[in-house]
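Close look at the chain arrangement
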Amino acid sequence: MTISYPGHGLDRADHSRTDPALLAALRARADARLLLMDALSPVLDAANGLSYGAAADLPPDAETVFLGMDGELPVFAVVPAEGDDRPAYLQKPNWAAIALLGLQDMALYATARSLVDWHARHRFCARCGAPTHIAKGGWQRDCPACTAQHFPRTDPVAIMLVEHDGDLLLGRGTQFPPRSYSALAGFIEPGETIEQAVAREVWEEAGVRVHSVRYIGSQPWPFPSQLMIGCHALAEGRDLTVDYTEIADARWFTRAEVAEAMERRADGAAFIPPPAHAIANAMLGWWLERAR
């Protein structure tokens with residue numbers, strides 16, 4: 001099962017993050033690369049890959065994130081400056097550009113986007129409210145007022161394929177395009193296991209009890225900072241009680257309908273599947289392969 005967004009191939013070089021002098025020297029190098037972004041969307045080159053500038057050209061006070069070493073080349077991303085009329089984290093992703101990226105570029109972009117977005121949202125201390133400053137190469141923010149340390153967060157999300165007698169339960173989010181269906185999903189709450197979150201979310205959204213939850217795979221999802229934890233579960237029954245405050249619809253689909261949708265026969269298919277870079281798409285492919 002091929003998953004988009006992990007595996008950028010850089011050496012994260014964690015040992016370098018704690019050495020401010022080394023980081024400064026790396027950033028000042030003439031060959032230090034700066035990943036270019038338009039707000040939080042990627043800037044593509046002529047070959048639809050990521051574009052780079054020179055990190056050494058940045059002003060001294062620019063906040064940067066050290067992404068790691070690409071062989072011998074240091075790679076950085078810049079945090080958007082404060083004061084913009086329209087902050088970067090409020091702008092919608094450029095999905096068309098993202099979809100053109102290869103898997104390795106997509107993974108590097110995902111890491112940069114999550115980190116840059118987190119810095120743009122967390123300029124003040126959650127403990128005392130004082131301004132914080134970037135630390136550890138961009139993998140931390142420190143508060144000089146109360147000495148609190150803040151770290152980029154990842155929010156776990158359970159996303160699940162629910163099966164009953166060879167059919168699959170899929171749902172429509174309230175913001176989905178027309179005819180689009182995907183796996184049900186929801187945030188894992190404090191004090192829950194992954195299995196408990198799967199069971200709770202399916203019950204809350206569709207009124208179906210599930211069992212035999214198993215792990216399929218995971219995907220970092222940088223919009224802004226989720227870890228999608230893909231699961232498969234078996235339903236005890238087929239009767240649905242859809243919570244329309246949570247989702248727009250939920251339906252059972254046959255294997256033939258899922259296969260037709262995944263073949264992209266959009267005009268005649270029962271639904272439009274999730275985009276190719278989403279783990280839900282890979283999960284549907286995994287489910288179809290199991291029956292062959």
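Basis of the calculations
Residues numbered from 1 in each chain as written. Predicted model: local features only at pLDDT ≥ 70, side-chain atom pairs only at ≥ 80, totals over all residues. Heavy atoms only, no water. UniProt positions renumbered as here; feature names shortened; annotations may be inferred. Core = buried A, V, L, I, M, F, W, Y, C linked by side-chain atoms within 4.5 Å. Buried < 20%, exposed > 50% of the residue type's maximum accessible area, 1.4 Å probe, protein only. Helix = DSSP H or I, 4+ residues; strand = E, 2+ residues; numbered from the N terminus. Domains from an automatic or database assignment. Contact = heavy atoms within 4.5 Å. Phe/Tyr/Trp six-rings, centres within 6.5 Å; stacked < 30°, edge-to-face > 60°. Lys NZ or Arg CZ within 6 Å of the ring centre and 35° of its normal. Expected span 1.5 Å × (residues − 1).

Under the annotation held in an unreviewed UniProt entry, the chain carries the name NAD(+) diphosphatase and is attributed to Alteraurantiacibacter palmitatis. For the record of the chain, the UniProt heading Sequence similarities (unreviewed entry) holds the text "Belongs to the Nudix hydrolase family. NudC subfamily." According to the UniProt record, the Catalytic activity (unreviewed entry) comment for the chain reads "a 5'-end NAD(+)-phospho-ribonucleoside in mRNA + H2O = a 5'-end phospho-adenosine-phospho-ribonucleoside in mRNA + beta-nicotinamide D-ribonucleotide + 2 H(+)".

Next up on the list: the nonpolar core. Of all hydrophobic cores here, the largest spans 48 residues; its most connected members are Leu67, Leu161, Leu170 and Val258. Mapped by element, the contributors of at least two residues to this core are β5 (64–70), β6 (73–78), α4 (103–121), β10 (155–164), β11 (167–172), β13 (210–221), α6 (255–262) and α7 (279–290). No other element matches α7, which puts eight residues into this core. Among the domains, domain 1 (14–122) and domain 2 (155–290) are the pair contributing at least three residues each to this core. Not counting chain neighbours up to four residues away, the residues in contact with Val258 comprise Leu168, Phe253, Phe271, Leu284, Trp287 and Leu288. By size, the runner-up hydrophobic cluster in this structure holds 20 residues, among which are Leu169, Leu184, Ile188 and Ala206.

Once that is clear, we can look at the packing of aromatic side chains. Remark: the centre distance and the inter-plane angle together describe each pair of aromatic rings, the angle taken between the planes. Counted according to the given criterion, the structure contains nine aromatic pairs. For the ring pair Trp95 and Trp221, a centre distance of 6.1 Å and an interplane angle of 25° mean the geometry is stacked. Taken together, the residues span a long stretch of sequence, with Trp95 in helix α3 (residues 95–100) and Trp221 in strand β13 at a distance of 126 residues. For Trp95, a relative accessible area of 37% puts it in the partly exposed group. Judged by relative accessible area, Trp221 falls into the buried class, the value being 18%. Ring centres of Tyr181 and Phe271 lie 6.3 Å apart, and the angle between their planes is 80°; this geometry places the pair in the edge-to-face category. You can see Tyr181 sitting in the loop between β11 and β12 (184–187) and its partner Phe271 sitting in the loop between α6 and α7, a full 90 residues away along the chain. Considered together, Tyr181 and Phe271 belong to a single accessibility category, that of buried residues. Ring pairs connect the aromatic residues Tyr5, Trp95, Trp221 and Phe223, which therefore count as one cluster. Its guanidinium or amino end placed over the ring of Trp252, Arg238 lies 5.0 Å from that ring's centre, counting from NZ or CZ.

Below, the discussion takes up helix α5 (residues 194–206). Look at α5: 18 Å from first C-alpha to last across 13 residues, which is about the 18 Å you get at 1.5 Å a residue. Buried residues along α5 sit in contact with β10, β11, β12, β13 and β14 (226–235). One or two steps after α5, the chain reaches Gly207, where phi turns positive at roughly 70°.

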